[in-house]
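# Fold and contact review
Read off the chains here:
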Amino acid sequence: MKTPLDAQKIRDDFPILQTRVYDKPLVYLDNAATTQKPRQVIDRVISYYYQNNSNAHRAKYFLAEKSSELYESARETVRKFIGAANSQEIIFTSGTTASINLVAQSLRKFYFKKDDEIIITEMEHHSNLVPWQMVCKDVGASLKVIPFDDEGVLRIKSLESMFTEKTRLIAVTHVSNVTGVINPVKEIIVRAHAYNIPVLLDGAQSISHLPIDVEILDCDFFVFSGHKMYAETGTGVLYGKQKWLEQMFPVQYGGGMVLSVDFDNTTFADLPFRFEAGTQNIAGAISIAAAIDYMNDIGINAIHSHEKQLLQYAADALGDIDQVTLYAESATKSGLLSFNINNVSPFDVSMILDKMAIAVRSGTHCAQPVMKHLGIDGTVRVSFALYNTVEEVDVLVKGVRRAVQILQ
Ligand code: PLP
């Protein structure tokens, strides 16, 4: 099978992919948890520390200016990548989780009140569930949940019937981190906006797989993590429409986010700095920009088609194994799939695959309500990146067949 990418060539950019595990070549299929990092990203970070390291937005000497310049240029790279109108709408955070908590805690201070309603979906990662649940508990609001059907598709036909005059926000994942189902987020946004309800999209599983344009989507917030898009861990982004960010209160206070301070009062800096208290992860932001440059060189559309082909190939081959149950088999998916070997613990399957140097995730994937709906303890999750190959899928399928023999 030929895909639009020369994955073999791309693999040379990723030093870790040469690793041998138990004396076998590593097959890394846990990219939804975190992707590996290309030399281009690692080198950019090293070069920052070798040549440019100093604090950003603090001083006026040569290195300080350089550091600030690189940090702001990273912000601009992110802005362009997601199609935001201006770079004030881009806030660097430590990841998706931090971005969602920032929005939740900030809105809690002035926006949510008793009896309000926040809508999420049944397929959210805990990071897009618990922060809203906690806000609800704090202010006396309630959480409403859009269910998914047997194919893992959100039941949004009667979405409007969930809306009341108290509905204050919808928070939904763009792509499920359990099934890979792509949610109809544009449709949800259009329908929510007709009732003046803002929408937050969790882009953790879409940012490195699908083209994103926040202006076209018209989402109010879009959040993602750097480490799931070939950049460093502990990095992430909160995009917020200016009209929202301007009203929002900071949730962390300290250096770099103020205009004036005395013992009675503090005035906050302009956007985006008021949300970036303290010394930021400057090298991390630079790594996100390097990762975006890397993906842009390859092209997000080519990445998407490549991964889509791998996904279909893997789904067909795993689906041919009688003892395997695939989840959300017929839904439109991106980047990943989940399965179980019937009556076998997913942990046992992943341990056997590990012995064949195949790295996959098993468990609840931080989405326990999804497991409850499916009536299972967990799944085995296979997730792709731009460097995965058809040959690796063949190794996986062989491994799963072997696991069936051993475990059943
Ligand atoms: N949301 C989704 C859909 C995810 O898949 C993940 C991580 O797996 C997160 C949120 C949390 O991301 P992070 O741990 O980088 O904050």
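Residues numbered from 1 in each chain as written. Predicted model: local features only at pLDDT ≥ 70, side-chain atom pairs only at ≥ 80, totals over all residues. Heavy atoms only, no water.

### Concerning the domain arrangement of the chain
Rules: For every domain, the bounds stem from an assignment made automatically or drawn from a database. In this analysis, two residues are considered to be in contact whenever any of their non-hydrogen atoms come within 4.5 Å of each other. Two parts placed together each lose some accessible area under a 1.4 Å probe, and adding up what both lose gives the buried area. Any carboxyl oxygen of Asp or Glu that lies within 4 Å of a side-chain nitrogen of Lys or Arg is treated as forming a salt bridge with it. Under the rule applied, a polar contact is a pair of N or O atoms within 3.5 Å (in protein, one hydrogen donor and one hydrogen acceptor; residues adjacent in sequence only if both atoms are side-chain atoms). Runs of E in the DSSP output that reach at least two residues are strands. Runs of H or I that reach at least four are helices, and both are numbered from the N terminus.
By the assigned domains, the chain splits into domain 1 (7-30 + 299-407) and domain 2 (42-296). The C-alpha centroid of domain 2 is placed 28 Å from the C-alpha centroid of domain 1. The partner domain 2 presents 30 residues to the 36 residues of domain 1 that form the contact. In this assembly, domain 1 packs against domain 2 so that about 2,600 Å² is buried in total across both faces, 61% of it on carbon and sulfur atoms. At the surface where domain 1 touches domain 2, the tally comes to zero salt bridges. Applying the counting criterion to the domain 1 and domain 2 interface returns 17 residue pairs in polar contact (both at pLDDT 80 or more). Broken down by secondary-structure element, the contributors of at least two residues to the side of domain 1 that touches domain 2 are α10 (300-319), β14 (336-341) and α12 (368-374). In terms of residues, the side of domain 1 that touches domain 2 owes the most to one element, α12, which gives six residues.

### Examining the pattern of salt bridges
To be explicit about the condition: Categorising residues by exposure relies on relative accessible area from a 1.4 Å probe, with only protein chains included: less than 20% of the type maximum marks a residue as buried, more than 50% marks it as exposed, and the intermediate range marks it as partly exposed.
One pass over the full model with this rule turns up 19 salt bridges. A salt bridge links E392 to R11; the nearest nitrogen and oxygen atoms lie 3.2 Å apart. Note that E392 is positioned in helix α13 (residues 390-407) and R11 in helix α1 (residues 7-11), a separation of 381 residues in sequence. For the pair E392 and R11, one class covers both residues: buried. With a closest N to O distance of 2.7 Å, K241 and D218 form a salt bridge. Residue K241 is found in the loop between β10 (236-240) and α8 (242-245), and its partner D218 is found in the loop between α7 (214-217) and β9 (221-225); the two are separated by 23 residues along the sequence.

### Section: the nonpolar core
Heads up, the condition is: Throughout, nonpolar core names a set of buried Ala, Val, Leu, Ile, Met, Phe, Trp, Tyr and Cys residues whose side chains join them through atoms within 4.5 Å.
With 71 residues, the main nonpolar core has I82, I170, L201, F222, L386 and Y387 as its most contacted residues. For this core, the element with the highest residue contribution is helix α9 (residues 282-298), accounting for 11 residues. Not counting chain neighbours up to four residues away, the residues in contact with I170 comprise I119, F163, I188, A192, I197, P198, V199 and L200.

### Points about the site of the ligand
Applicable threshold: Whether a residue is near a molecule or strand depends on its heavy atoms: it is near if one of them lies within 4 Å of it. For the accessible areas, the method is Shrake-Rupley and the probe is 1.4 Å, while residue cover comes only from the protein chains on display. Residues are grouped as follows: Ala, Val, Leu, Ile, Met, Phe, Trp, Tyr, Cys and Pro are nonpolar; Asp, Glu, Lys and Arg are charged; every other residue, Gly included, is polar.
Around the ligand, a shell composed of T96, T97, H125, S127, T173, N177, D202, A204, Q205, S225, H227 and K228 is seen. At a separation of 2.5 Å, an oxygen atom of the ligand approaches a polar side-chain atom of T97. Against a free-state accessible area of 400 Å², the protein chains account for coverage of 86% of the ligand. Partitioning the shell around the ligand into residue classes produces one nonpolar, nine polar and two charged.

### Description of helix α3 (residues 62-82)
Quick note on the threshold: To estimate the expected span of a helix, count its residues, drop one, and scale the result by 1.5 Å.
With 21 residues, α3 extends 31 Å from end C-alpha to end C-alpha; this agrees with the ideal 30 Å at 1.5 Å per step. Residues A64, S67, S68, Y71, A74, R75, T77, V78, R79, F81 and I82 constitute the buried set of α3. Along its buried surface, α3 packs onto α2 (39-52), β4 (90-93), α7, β9, β10 and α9. Directly beyond the C-terminal end of α3, a positive phi value near 70 degrees is found at G83.

### Section: a nonpolar patch on the surface
Our working rule: For patches, a residue must show more than 30% relative accessible area and have no salt bridge; joins then use 9 Å for like charges and 5 Å for nonpolar side chains, namely Val, Leu, Ile, Met, Phe, Trp and Tyr.
A cluster of nonpolar side chains, contributed by I42, I46, Y49 and Y50, occupies part of the molecular surface with about 450 Å² of accessible area. Within the fold, Y49 resides in helix α2. Residue classification places Y49 among the partly exposed residues on the basis of a relative accessible area of 49%.

### Some points on the packing of aromatic side chains
Think of a pair of aromatic rings as described by two things: how far the centres are apart, and how the planes are tilted against each other in angle. Definition in use: Aromatic contacts are taken between Phe, Tyr and Trp rings whose centres are within 6.5 Å, Trp giving its six-membered ring; a plane angle under 30 degrees counts as stacked, one over 60 as edge-to-face, and the others as tilted. Either the NZ atom of lysine or the CZ atom of arginine qualifies as a charge over a ring when it sits within 6 Å of the ring centre and within 35 degrees of the ring normal.
Per the counting criterion, the structure on display carries 15 aromatic pairs. Measuring from centroid to centroid gives 6.1 Å for F110 and Y111, while their planes differ by 50 degrees, and the two rings are tilted. Taken together, the aromatic side chains of F110, Y111, F112, W132, F221, W244 and F249 make up a single cluster linked through ring pairs. For R168, the ring lying beneath its charged end belongs to Y111, and the centroid distance is 3.9 Å.

### Remarks on the packing of α2 against α9
Relative orientation and spacing of two packed helices are given, respectively, by the angle between their axes and the distance between those axes. For the record, the criterion: Each axis is a line fitted through C-alpha atoms, taken for helices only over the stretch in contact, and angles between the N-to-C directions span 0 to 180 degrees. Two helices cross in a left-handed way if the nearer one is turned anticlockwise from the farther one by less than a right angle. They cross in a right-handed way if the turn is clockwise.
One can describe the packing of α2 onto α9 by two numbers: an axis separation of 8 Å at closest approach and a directional angle of 145 degrees. Regarding α2 and α9, the two cross each other, and that crossing is right-handed. Counted together, Q40, V41, R44, V45, Y48 and Y49 of α2 and I282, A283, I286, S287, A289, A290, A291, D293 and Y294 of α9 form the full contact between these two elements. Looking at the contact of α2 with α9, its residues break down into 11 nonpolar, two polar and two charged.

### Some remarks on the side chain of R75
Inspection of the secondary structure puts R75 in helix α3. Apart from the residues within four sequence positions on either side, R75 is in contact with S87, I90, I91, F92, P272, F273 and E276.

### Focus: the packing of α10 against α13
Our working definition: Angles are sorted into four bins: roughly parallel if under 35 degrees, roughly antiparallel if over 145, roughly perpendicular if 65 to 115, and oblique for all others.
Between α10 and α13, the shortest axis-to-axis distance is 10 Å and the interhelical angle comes to 25 degrees. With respect to each other, α10 and α13 are oriented roughly parallel. The handedness of the crossing between α10 and α13 is right-handed. Facing α10, whose interface residues are L310, Y313, A314, A317 and L318, α13 presents V390, V393, D394, L396, V397, V400 and R401. The class makeup of the residues in the contact of α10 with α13 is 10 nonpolar, no polar and two charged.

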